[in-house]
Structure formats: structure tokens, C-alpha cells
Amino acid sequence: MKPKQTILALLMLGQTAFAQQKDLVSYVNTLQGTNSKHELTRGNTYPTTALPFGMHTWTPQTGKNGDGWKYQYFLDKIRGFQQAHQCSSWTRDYAVFSLMPMSELVVDENKREAKFSHENEIAKPNYYKVKFDNQITTEISPSERGAHLRFSYPSGKASYLVLDGYTRTSGVKIDVKRNRITGYVSNGGGFHKEWKSYFVVQFDQPIKGYGTWENKGNTTKAGATEAEGDGMGAYIEFKPGVKVQVKTASSYISPEQAELNLERELGADKNLEQTKAKAAKVWNESLGRIQVEGGSKEDMETFYSCFFRASLFSRKFYELDKNGKAYYFSPYDGKVHEGYMFTDTGFWDTFRAQFPLNTLIQPEMHGRYMQAMIDAWKQCGWLPSWSFPSEGGSMIGNHAISLFADAWAKGLHTFNPKEALEAYLHEATNKGPWGPANGRDGWREYYQLGYVPYPKYREATAKTLEYAYDDFCGYELARLTGDQYYMDIFKRQMYNYKNVYDPGTRFMRAKDSDGNWGKNFDPVEWGGPFTEGNAWHWQWSVFQDTKGLINLMGGDKNFTSKLDSVFSVPNTVKVGTYGGMIHEMTEMVMANMGQYAHGNQPIQHMVYLYNYAGEPWKAQARAREVMYKLYNATENGYPGDEDQGQTSSWYVLSALGFYSVTPGTGEYVFGSPMFKKITLNLENGKKFVIEANNNSRENVYIQDAALNGQNYTRNFITHADIVKGGVLKLNMSREPNTQRGLAETDKPFSLTK
Ligand code: CA
């Protein structure tokens, strides 16, 4: 963009932002889902204080250094305020350091913690505030790569601040003259060995006393200004009863870049209020991309709290040089490259809804993301599957191809499809070193036998199902780009789901290398051939060919009665190979919806499948039931792990009235919208409005529909129709319309016609 155009674009952006400046951020509760523990998850989230997709986030810390459960709602002591990047409690964190204010110098993290209560806490995306019982107040407002903090000490008491270097090697340098601490941390897994996160911490009050310390033996060195080693930190003292404002920013590239990030993002802010107001504006613009009206305050809070959390992952991993050009330190090859990079997501979770939501709401960023995946493949040798911030290979499947196919199907042509297909073929015909989803576990047998055999491979049936979907995505990307070579390769496998369907029991099942079905089959038994679920949950993972699955299962009636059965059979659990209750099992039992386990990913698209088999009204009722029953904006607000925006994105899309059952097709399948009016303010300047007349908690059924004034009988809408702008008008009713949307042409995409 030329400078003149940039100014014009900024002015236009300013105008839309102004026009949309509703205080949506006030609906968000960042404590949603924080009442979680190892045995039972209500989200496994932390009160993230950050900008949308921001590189660094800030949070209070109740857990020990290195503990994944960094903030648990039921605890009443805080031991620090952290720079954080956690994807999930199960994966710990990286590039963390923390600041802790106190009136008496205590460096030991187990002894310095201070009591607080939730009445003295405010938790918003743009502002976190807590007043300890000891009267010290902490406030935080975020920037993209830093934060503005303010510590207010009670008058007459000493004012100390401890910087904790967290785990592994860190370095600190206190500059007394300039009232600042600079340094680096290097904690986190899977990094290139050269990796460091450089920070700068600038105070607006003079440093009166200082020293360094280390967090293994908690020994201090008064008067020292520099330290480097395992868990090194610093402490400083201000004059008693002070209010000190702290600006901090970090960089993965260099100490100089950290300074630049600080200057660019926070330099002009005279006080925390300015940073807070700027952050509110950014969030209101971001959340304002979807405006909902005509619901209860509670529904608004749930919606915007979920939309907030859907707008955190994947994080920006790039920085802007002095000319404003994007560049990044690659966590893959340890070199600095030009361009964009993103991280912190597990595709097994997020290919389903979080990325499809981004294609709709954040297409420019998503387009950059596609090129970043190609770059990651070139630097790493493998496509990302679990980025944190380098490649983790956790869970199963090769879902990068789902993102590529979905982007291309939706007109986001920001990458070379030949490179994507080449990278995917490599992924699908090799096994990488870092976990089951780095390359393809069991790929040889998958091609030779048409399925992954069990017990030779763990979670083999789940793998067969997801590989077949991924191969469909490879086929589809090749088809859309006219590439016969790759079409021929991937076409052969995309029906492989049929090879693990047992017509005898009418379930997907384990099959051994000789073709025998597993013994002592029980559909409520978890694990074994399945990933974090059982045969009831994995039955439906044929995203690419629901019609083919319906045929296998004996037609529409058999199919829909099995969908019904998911909710009507008892919520019994057999722990199987897990050997004990895992939290996903407990969450399914607690939901009390039979075998419906919305707290985990495999079944999250299931309610929408009624649309494919002539009973769309059941999808409408079930989608609303799940939204009402399993989500709210409180600390108990999720039915299980939130998982990098996925479980939130399920809610956001479902609340719009549709869901991305088959990423790679550009279709969204109908459920029932939560609000009377929803406006999508699209990046291209167009608006798409969903009007649901007569909508209420009881009136959840679609009586009839019209798209741009034309009667609309389909049970899905295309991405192309949405981004053109327009109006989808629904008339809602208390009784289902059992005649609408029954024609074959009304059904969403399936490979089988
Ligand atoms: Ca999960």
C-alpha cells in the first residue's frame, strides 16, 4: 500500500470503528472457564488480558512456576502477574516472566503470595484489576506485544517489586539511572536452542533500592545490577506508598526490537488510562465485527465472552521493524525471516470451527496464516499440526490441509496450492519425529490396507477417520486448482472410513492387521482405537461424506434414530485403556445428555448432521439446547477444555445459526440463531444480516427462510453468499416445520450424491 492509501484506509477504518463504537467489551468476562482443575475442566482458561491475537498476554498467577494451572478461580492467593502464552493447562507455557508487588521483600514464590477475593477483581480483555487484602492494587492494560501495569502501594509502607525469571535460564540488568530492567527469559518446550524472549520493563518512578536473586534457593544479592543463569530475577524498591506505572514489551528477535515494540505500542501513553482506552477501542472494533441484538443480557455476555476467546488464537508471532515491515524469529530454524508467522494452536481442535470462523471474520489475517504455514513447512520440514510455538505433533491427523482447502474454497488464494499439496503429500506419506500428528502415524498400513490397524497403532480407528477426511481436503484443493496428479493420489483414500465401519454392530470399530474386528466391543468404552472418546463419539467423523455414512448405516431413519440415541442412551462410562476417569469422561457424565460429550472435539459437529437426513428441525432444537445448557459467561462457563478458541468458536458460529461441519467446502450448515438480529460487519465493507423474527428461548424452529428476499429452502449457506453481503430472514416458531428443507438439493455437501 502507498502512504496516501494507507492514510485513507486508516481514516475509513476509523470511521467504521466510530460507527460501531458500542461498548461490547463490557459484556466480556475473562474469568469465563477459569474454575478448572486437573480432574474437572470448566474451560481451563486464564483471565487473558491481551489484544486480539496478541503476541504476549498478561494474567494473574495463582499456580506455581511451571504449573499448567496458572490461574484457578477457587484459589485465593496470587503470586505474580505474568507475561503468558498458554494454549492449554496440559501444555504449560513459554516465554514467561512475572512481576509481583509487596510491602516487605519476600522473593520465594511460595511465601510472597498475597490474598485476594473476587469482589476486589475486575477481569476485562482491556483491563485487569485486583486489590490484595494487604491493600496493594495491581492494574494491567495490554498492547499487542506488551502491557501497561500500575502498582499502587498503601501509604507509609515500603514499595517493593520482584521480577521472577520463571524456569530455565534468564538474565536481568537493572539500569538505576534510567529506571528500568532489561533482560531475557528462555523457558518453554520445543524451542530452537538459540531462542530467547527479550524484555524491557520501564518504570515512571525512581528506583531507590535494588538487587538480583535466583528462584531455586531464593538467595538475594543486594546492590547487584546484573545476573544470568537458572531462574535469575531482580527486585527493586521505590519510595514508600508510591503509585508506579510500568510499561513493558518483549521481542523474540532482539533487545533493540523489544525497545521498538515498547516505544511503538506504549510510548505515547501518558498513563494506564490511555492504554486501557486504546485497548477498549481495538476490542470494540474486533468484537463489533459481529453485532448481536434481541437477546438477554446473559446471552450477550456468553456470546461476547466466547467471541473474545475465539479471538486470541493463533497468536501473532511476528514483529514490525522500524519501517513497519513484518518479520519474525522462526521457532523452527532459529533464524529471522521476513513476513508473518503465527503460533499457539492445535489443529486437531481448531480446524473444526476456530479457523473457519477466522475465514469469515479475519480473512486478511487468515490469508497471511496460509503463507506462514508454507513458510513453516520450509523451515521445519513438516507442516504445523500443534504449534507451541514450534512443532509439537500432539493429537492426531494432518489437518493443515483442512485449513488450506477451506481457505481456497472460500477465495483466500494467498498461497501456492502446489506447495501446499506437495507439503501435504510429504506429511501423509511419512512419520515425523515429534508425536503422532507430526507426519502420519500408521501411514503405510493406511495405504496398503485402507485403514490403520489396531492394536498395532494407538487410536487407530480415529486416525483412519481423520486421515480420510484430510485426504478429501487434499483431493478438494487439487480439484479446485485443476491438479489431476494430486486428485488421483488423494481420491483413493477419501472413502477409507468405510473400512472401519462394522455393519454387524453399526459402529466404527477397531480392526486388526488381518481384518478381524476387535473383541469384546462395547460402544461406551473409551480409548483403545479411539482418541479421547468412544464409538458413540467417533461414529460421526466422516465430515466429507455424511451421505455415504447414512447409506452405510442403512438410510435416513436408521441414521437419525442413532443420532437420537446418542442423547437417550445412559451416560455410562467404561474407562477402557485410560484405566481411570479422565476429565472428559466426568464432563460427559455431568452434562447428563446421554453419550453426548460436547466437552471434547470429536462430537462437536454431530447435532448438525440431522440436516443431511431429513430432520433439520432436530439440529435446530439440539444446537439451542447445547448453547443454553453447556455455556455461560461465568468461571464455570464451558463444558470442558476450551482449547485455543475451538469450543468458543463452536458457540459463536452456532449462535449465528450455522456451523462449519465440513471445512474445505465453503458451506455452513444450519442450526438456530440465538438472537433476533445479527449483523456481520465484514472486512470487505459489506454487511450480512441474519434476522430471526419471533425468535425466543421457546421459538427455536425455523418455519421458513428467505435469502435477499427469495424463498430459501436449503439447510446451509455458502461462504460466497455471506461475503457478498445480504439478508437472511428467518421466521422462527415454537413448532418444527417438518416439511422444510427435505429435498436432496437442500442438504449440505457430501461426496456421495
Ligand atoms: Ca479437547
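Here the residue numbering is sequential within each chain, running from 1 through the sequence in written order. Thresholds applied to this predicted model are a pLDDT of at least 70 for local features of residues and 80 or more for the giving and counting of side-chain atom pairs; totals over whole chains, interfaces and linings are not thresholded and use all residues. With hydrogens and water stripped out, all remaining heavy atoms of the structure feed into the side-chain values.

1. Here we look at the overall build of the protein chain
Step number 1: Within the protein chain one finds 19 helices and 36 strands.
Step number 2: As defined in this context, the radius of gyration uses C-alpha atoms, and a globule is described by 2.2 Å times the residue total to the power 0.38. Against the globule reference of 27 Å for 753 residues, the protein chain gives a C-alpha radius of gyration of 26 Å, in line with a compact fold.
Step number 3: Expressed as lengths along the three principal axes of its C-alpha atoms, the size of the protein chain is roughly 80 × 55 × 55 Å.
Step number 4: Taken across its 753 residues, the protein chain has 64% of its residues classed as buried.
Step number 5: Contacts between residues were defined by any pair of non-hydrogen atoms, one from each residue, lying within 4.5 Å. Within the protein chain, residue pairs in contact and separated by at least 24 positions form 70% of the contacts whose partners lie at least 6 positions apart.
Step number 6: In short, Shrake-Rupley with a 1.4 Å probe defines the accessible areas, and a residue's cover is counted only from the protein chains shown. In the form shown here, the protein chain has an accessible surface area of approximately 26400 Å², with 50% of it arising from carbon and sulfur atoms.
Step number 7: In the protein chain, the 84 positive side-chain charges and the 82 negative ones have mean positions that sit 3 Å from each other. Counting from the N terminus, the helices are the DSSP runs of H or I reaching at least four residues and the strands are the DSSP runs of E reaching at least two. Note on classification: 1.4 Å probe, protein chains only; a residue is buried when its accessible area is under 20% of the maximum for its type, exposed when over 50%, partly exposed between these limits. For this count, His and the chain ends are skipped, Lys and Arg are scored as positive, and Asp and Glu as negative. Every charge is mapped onto a representative atom, which is NZ of Lys, CZ of Arg, CG of Asp or CD of Glu.

2. Considerations on the environment of Tyr-198
Step number 1: Tracing the sequence through the fold places Tyr-198 in strand S13 (residues 197-203).
Step number 2: In this structure Tyr-198 comes out as buried when scored by relative accessible area, which is 18%.
Step number 3: With 90 residues separating them in the primary sequence, Tyr-198 and Asp-108 have C-alpha atoms 23 Å apart.
Step number 4: Other than its neighbours up to four places away in sequence, Tyr-198 contacts Gly-183, Tyr-184, Ala-249, Ser-250, Ser-251, Tyr-252, Ile-253, Ser-254, Pro-255 and Ala-258.

3. Section: empty space enclosed by the protein
Step number 1: With a 1 Å grid laid over protein atoms only, a set of points is called a cavity when a 1.4 Å probe fits there but cannot get out and a pocket when it is open yet has protein on both sides within 12 Å along at least five of seven lines; lining residues have an atom within 4 Å of a point. Grid points are joined across faces, edges and corners, and a volume is the space filled by probe spheres set on the points. For the structure shown, the criterion picks out six cavities of 30 Å³ or more.
Step number 2: Each pocket or cavity is described by its volume, and for the largest cavity that value is around 130 Å³.
Step number 3: In terms of lining residues, the largest cavity is bounded by 17 residues, among which Asn-44, Thr-45, Cys-87, Phe-313 and Glu-642 are the most central.

4. Description of the coordination of the calcium ion
Step number 1: On the protein side, the calcium ion has Asn-600 (OD1), Gln-601 (OE1) and Asp-643 (OD) as donor atoms, found 2.3 to 2.4 Å from it.
Step number 2: Each donor residue of the calcium ion belongs to the same chain, and together they define the spacing N-Q-x41-D. Pair noted here: Gln-601 is in the loop between helix H16 (583-591) and helix H17 (616-630) and Asp-643 is in the loop between H17 and helix H18 (646-656), with a separation of 42 residues, a long-range link. Per residue, the accessibility class of Gln-601 equals that of Asp-643, and both read buried. Here the term donor refers to an N, O or S atom within 2.8 Å of the metal (or 3.2 Å for Na, K and Ca), and because water is left out of the atoms, sites may appear incomplete.

5. Here we look at the pattern of salt bridges
Step number 1: Salt bridges, as used here, are contacts in which a Lys or Arg side-chain nitrogen is within 4 Å of a carboxyl oxygen on Asp or Glu. Taken as a whole, this structure holds 38 salt bridges when the rule is applied.
Step number 2: Note that Asp-406 and Lys-410 form a salt bridge whose closest N and O atoms lie 2.9 Å from each other. Of the two residues, Asp-406 and Lys-410, neither departs from the other in class, the shared state being buried.
Step number 3: Residue Arg-440 pairs with Asp-471 through a salt bridge whose shortest N-O separation is 3.3 Å. Within this pair, whereas Arg-440 is found in the loop between helix H9 (417-428) and helix H10 (443-449), its partner Asp-471 is found in helix H11 (residues 460-480), the two being separated by 31 residues in sequence. Asp-471 carries the same exposure label as Arg-440, and that label is buried.
Step number 4: Each of Glu-144, Arg-145, Glu-265 and Lys-316 takes part in one network of salt bridges that share partners.

6. Quick notes on unusual backbone geometry
Step number 1: Here the bond from Phe-313 into Ser-314 is cis, since omega is -10 degrees, no more than 30 degrees from zero.
Step number 2: For Ser-314, the location among the structural elements is in the loop between helix H4 (297-310) and strand S20 (315-316).
Step number 3: The phi torsion at Asn-44 lies on the positive side, around 55 degrees, for a residue other than glycine.
Step number 4: Along the chain, Asn-44 turns up in the loop between helix H1 (3-19) and strand S1 (57-61).
Step number 5: One non-glycine residue, Asp-344, lies in the positive phi region at around 70 degrees.

7. Some thoughts on the packing of aromatic side chains
Step number 1: Two aromatic rings from Phe, Tyr or Trp, using only the six-membered ring of Trp, form a pair when their centres are within 6.5 Å; if the ring planes differ by under 30 degrees the pair is stacked, by over 60 it is edge-to-face, and anything between is tilted. As enumerated under the stated definition, the model contains 47 aromatic pairs in all.
Step number 2: A ring pair is formed by Phe-303 and Phe-307, whose centres lie 6.0 Å apart and whose planes are at 45 degrees; its orientation type is tilted. Taken as a pair, Phe-303 and Phe-307 lie in helix H4 at a separation of four residues, close to a single helical turn. The two residues Phe-303 and Phe-307 agree in class, both being buried.
Step number 3: With a centroid separation of 5.1 Å and 65 degrees between ring planes, the pair formed by Phe-355 and Tyr-369 is classed as edge-to-face. Here Tyr-369 lies in helix H7 (residues 363-380) and Phe-355 lies in helix H6 (residues 354-361), a separation of 14 residues in the sequence.

8. Concerning H16
Step number 1: His-583, Glu-584, Met-585, Glu-587, Met-588 and Ala-591 are the residues of H16 that are buried.
Step number 2: Summarising the contacts, the buried residues of H16 are in contact with helix H13 (535-538) and H17.
Step number 3: One or two residues past the end of H16 sits Asn-592, with phi positive at roughly 55 degrees.

9. Considerations on the sheet that holds strand S6 (residues 121-124)
Step number 1: Following DSSP output, two strands are said to pair if at least two bridges run between them. As summarised here, the arrangement of the nine strands in space is S6-S7-S8-S9-S18-S13-S12-S11-S16, forming an open sheet in which the pairing is antiparallel. Where the open sheet ends on each side, the last strands, each with one partner, are S6 and strand S16 (226-230). Each adjacent strand pair in this sheet contributes to an overall mean axis angle of 15 degrees, direction not counted.
Step number 2: Note on method: axes are straight lines fitted to C-alpha atoms, helices fitted across the in-contact stretch only, with angles between N-to-C directions ranging 0 to 180 degrees. Each of strand S9 (146-152), strand S12 (180-185), S13 and strand S18 (243-251) touches helix H2 (residues 255-266); the most contacted strand, S18, lies at about 125 degrees to it.
Step number 3: In the packing of helix H3 (residues 272-287) onto the sheet, contacts are made with strand S7 (127-131), strand S8 (137-142), S9 and S18, and the angle to S8 comes to roughly 45 degrees.

10. A closer look at the layout of surface pockets
Over the atoms, a rolling probe the size of a water molecule traces out where space has been left empty.
Step number 1: Considered as a void within the structure, the second largest pocket measures approximately 550 Å³ in volume.
Step number 2: In terms of lining residues, the second largest pocket is bounded by 26 residues, among which Trp-90, Met-395, Glu-532, His-583 and Glu-584 are the most central.
Step number 3: Every element with two or more residues in the lining of the second largest pocket is listed here: helix H5 (347-350) and H16.
Step number 4: The leading source of residues in the lining of the second largest pocket is H16, at three residues.
Step number 5: If you count residues domain by domain, the lining of the second largest pocket takes at least three from each of domain 1 (36-287) and domain 2 (291-746). Residue ranges for the domains originate in an automatic or database domain assignment.

11. With respect to the sheet that holds strand S29 (residues 658-659)
Step number 1: Reading across the sheet, the three strands line up as S29-S30-S35 and stay open at both edges, with antiparallel pairing between neighbours. Looking along the sheet, the strands with just one partner apiece sit at the ends: S29 and strand S35 (716-718).
Step number 2: Here two bridges tie S29 to strand S30 (residues 667-670), and the two strands are oriented antiparallel to one another. From the neighbouring strand, Phe-658 faces S30, where its bridge partner is Phe-670.

12. Things to note about the side chain of Glu-587
Step number 1: Mapped onto the elements of the fold, Glu-587 is located in helix H16.
Step number 2: The side chain of Glu-587 is buried and forms no salt bridge, while Arg-42, the nearest opposite charge, is found at 5.1 Å.

13. With respect to the domain arrangement of the protein chain
Accessible area lost on assembly of the parts is the figure often given for the size of an interface.
Step number 1: Per the domain assignment, the segments making up the protein chain are domain 1 (36-287) and domain 2 (291-746).
Step number 2: A separation of 35 Å is found between the C-alpha centroids of domain 1 and domain 2.
Step number 3: In this assembly, 47 residues from domain 1 lie in contact with 51 residues from domain 2.
Step number 4: On the domain 1 side of the interface with domain 2, the three residues burying the most area are Arg-42, Phe-53 and Cys-87, jointly 23% of the side's total.
Step number 5: The interface formed by domain 1 and domain 2 includes one salt bridge.
Step number 6: Lys-316 serves as the salt-bridge partner of Glu-144, at 2.7 Å between the closest nitrogen and oxygen.
Step number 7: Polar contact criterion, stated in full: a pair of N or O atoms within 3.5 Å, where within protein one must be able to donate a hydrogen and the other to accept it, and residues adjacent in sequence count only if both atoms are side-chain atoms. Counting across the interface, domain 1 meets domain 2 through 24 residue pairs in polar contact (both at pLDDT 80 or more). A 1.4 Å probe defines the accessible area here, and the buried area is the portion of it lost by two parts on being joined, summed over both.

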